[in-house]
Structure formats: C-alpha cells, structure tokens
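# Tertiary structure, described
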Amino acid sequence: ECPDTEEMISMCQYWYEEYGTVPASITYDTLTFYLDNPVTDKETAIKAAKEQCAFSSELLGMGGIDLYIAMTVNSNVWSFWWD
C-alpha cells in the first residue's frame, strides 16, 4: 500500500509548502519528515492528520484518527511506514 514515487514526491513538495516539512530519513519501508515549526493548533493538526492517514493507511491501525491528531500537535517528526 506504499504510494508510488510520483505520489511521494508530490506529497513531499505539498507538505514542505504547507507545513515546512523536510524529508529526514528514507528506508525500504519508512519515510520520516522533520518540522522546524510543528503544527500547534488543533484545526491544522486535524487537516494534517487526515492527509497523513490518506498517504499511509497504516497510521489508522495505531488507534484511529483521534490518536494521530493528538500525536501531530507539537510534534517535530512525522513518520510513515508500510508493510
């Protein structure tokens, strides 16, 4: 369920422009972003978390969207993985 290369590049560019994320690490099954200025308000965190869960449905297995929204607020790191 890993996005193809074009989708990954598009999301990297969009998240950089929208949130200031920068790809920090890429392995065979993970992609990690770093944010100098993390998302601090809940409305933006909800938007970002929905985008992240659409990008990697594996995130929803962590306990649902509400848990991921809470993890997105004030976090300097966004991590994704695929089985």
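Scroll up to find the structure this text is about.
Attention here is on the structure that accompanies the text. (Residues numbered from 1 in each chain as written. Predicted model: local features only at pLDDT ≥ 70, side-chain atom pairs only at ≥ 80, totals over all residues. Heavy atoms only, no water.)

## Describing the pattern of salt bridges
Under the defined criterion, the tally for this structure stands at two salt bridges. Two residues, Glu18 and Lys47, come together in a salt bridge whose shortest N-O distance is 3.0 Å. Highlighted residues: Glu18 in helix α1 (residues 5-19) and Lys47 in helix α2 (residues 42-55), separated in sequence by 29 residues. The exposure class assigned to Glu18 is partly exposed, which follows from its relative accessible area of 42%. Between Lys47 and Glu51 there is a salt bridge, and its shortest N-O distance comes to 3.2 Å. You can see Lys47 and its partner Glu51 sitting in helix α2, four residues apart, about one turn around the helix. Through salt bridges with shared partners, one network takes in Glu18, Lys47 and Glu51. (Salt bridge = Lys/Arg side-chain N within 4 Å of Asp/Glu carboxyl O. Helix = DSSP H or I, 4+ residues; strand = E, 2+ residues; numbered from the N terminus. Buried < 20%, exposed > 50% of the residue type's maximum accessible area, 1.4 Å probe, protein only.)

## Quick notes on the environment of Glu43
Positionally, Glu43 belongs in helix α2. Separated by 31 residues in the primary sequence, Glu43 and Asn74 place their C-alpha atoms 13 Å from one another.

## Points about the side chain of Ser56
Secondary-structure assignment places Ser56 in the loop between α2 and α3 (65-72). A distance of 3.3 Å separates a polar atom in the side chain of Ser56 from the backbone oxygen of Trp81. The residues contacting Ser56, other than those within four sequence positions of it, are Phe80, Trp81 and Trp82. (Polar contact = N/O pair within 3.5 Å; in protein donor to acceptor, adjacent residues only side chain to side chain. Contact = heavy atoms within 4.5 Å.)

## Observations regarding α1
Taking 1.5 Å of rise per residue, 15 residues should cover 21 Å, and α1 covers 20 Å from first to last C-alpha, within 8% of that figure. For α1, every residue scored as buried is listed here: Met11, Cys12, Trp15 and Tyr19. Buried positions in α1, seen along its axis, are confined to an arc of 105° and lie on one side of it. Facing away from the buried side of α1 by over 90 degrees, the exposed positions are Thr5, Glu6, Ile9, Tyr16 and Glu17. Once α1 finishes, Gly20 follows within two positions and takes phi at roughly 80°, a positive value. (Expected span 1.5 Å × (residues − 1). Arc of directions from axis to C-beta.)

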